[in-house]
Amino acid sequence: SATGGSRMLLGALGAFDVQGPRIARALDGLAVAAPPEVALRTLKVQADGASWLVTIEGVASASDPGLAQVAVNSLLHAMARSPYLGVPIRPLSLRIATGGRRSGERAESGGLALPPGTSGIAFSVELRVPK
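Residues numbered from 1 in each chain as written. Predicted model: local features only at pLDDT ≥ 70, side-chain atom pairs only at ≥ 80, totals over all residues. Heavy atoms only, no water.

> Quick question: what am I supposed to make of the packing of aromatic side chains here?
Two descriptors summarise a pair of aromatic rings, namely the distance from one centre to the other and the angle between the planes of the rings. According to the stated counting rule, one finds 0 aromatic pairs in the structure shown. Lying over the aromatic face of Trp-52, Lys-131 brings its terminal NZ or CZ to 5.0 Å of the ring centre. (Phe/Tyr/Trp six-rings, centres within 6.5 Å; stacked < 30°, edge-to-face > 60°. Lys NZ or Arg CZ within 6 Å of the ring centre and 35° of its normal.)

The following block contains the structure:
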């Protein structure tokens, strides 16, 4: 019924009102933790019992793959120190890509476009954030 649907919607909004500030703090912590070399491309948040299941996809780009990996590692360490984020619940997924060699050329590697002369590490990480 319409009344039952309204109650469910109000219940869901009430739950988000209580739990929303914590996930907002987690997302704010993620934004602060990301080094300038890291661009977050996808963020998925899904309710999962007493937690939020958070999937983050991004890319770190730098002049060489080692520096890009340092940026990803820096993000992971900052997330692990956060009282709201924590450590990944699954193995980290990584993929290396490089930019084109000529001026103006952009390389494309699995949907990851990088500027010329750069290397990148595309990553995907999954976290469980308590509600």
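> Even after reading the chapter, I still don't get the nonpolar core, so can you show me in this structure?
A general tendency of soluble globular proteins is for nonpolar side chains to be buried together. Val-54, Ile-56, Leu-75, Met-79, Leu-85, Leu-127 and Val-129 are the most contacted members of the largest nonpolar core, which totals 23 residues. Counting residues per element, the ones that place at least two in this core are α1 (2-33), β2 (51-62), α2 (65-81) and β6 (119-130). The dominant element in this core, judged by the number of residues it contributes, is α2, at 7 residues. (Core = buried A, V, L, I, M, F, W, Y, C linked by side-chain atoms within 4.5 Å. Buried < 20%, exposed > 50% of the residue type's maximum accessible area, 1.4 Å probe, protein only. Helix = DSSP H or I, 4+ residues; strand = E, 2+ residues; numbered from the N terminus.)

> It is not clear to me how the pattern of salt bridges should be interpreted in this structure. Could you clarify?
Where charged atoms from two side chains of opposite charge come close, those side chains can pair. For the coordinates displayed, the defined rule picks out 2 salt bridges. With its nearest N and O atoms 2.3 Å apart, the salt bridge here joins Arg-128 to Asp-48. Here Arg-128 is found in strand β6, whereas its partner Asp-48 is found in strand β1 (residues 38-48), with 80 residues between them in sequence. Residue Asp-48 is classed as partly exposed on the basis of its relative accessible area of 34%. For Arg-90, the salt bridge goes to Glu-126, with nearest N and O atoms at 3.2 Å. Here Arg-90 is found in the loop between α2 and β3 (93-98), whereas its partner Glu-126 is found in strand β6, with 36 residues between them in sequence. Given the relative accessible area of 47%, Arg-90 is considered partly exposed. With a relative accessible area of 15%, Glu-126 lands in the buried category. (Salt bridge = Lys/Arg side-chain N within 4 Å of Asp/Glu carboxyl O.)

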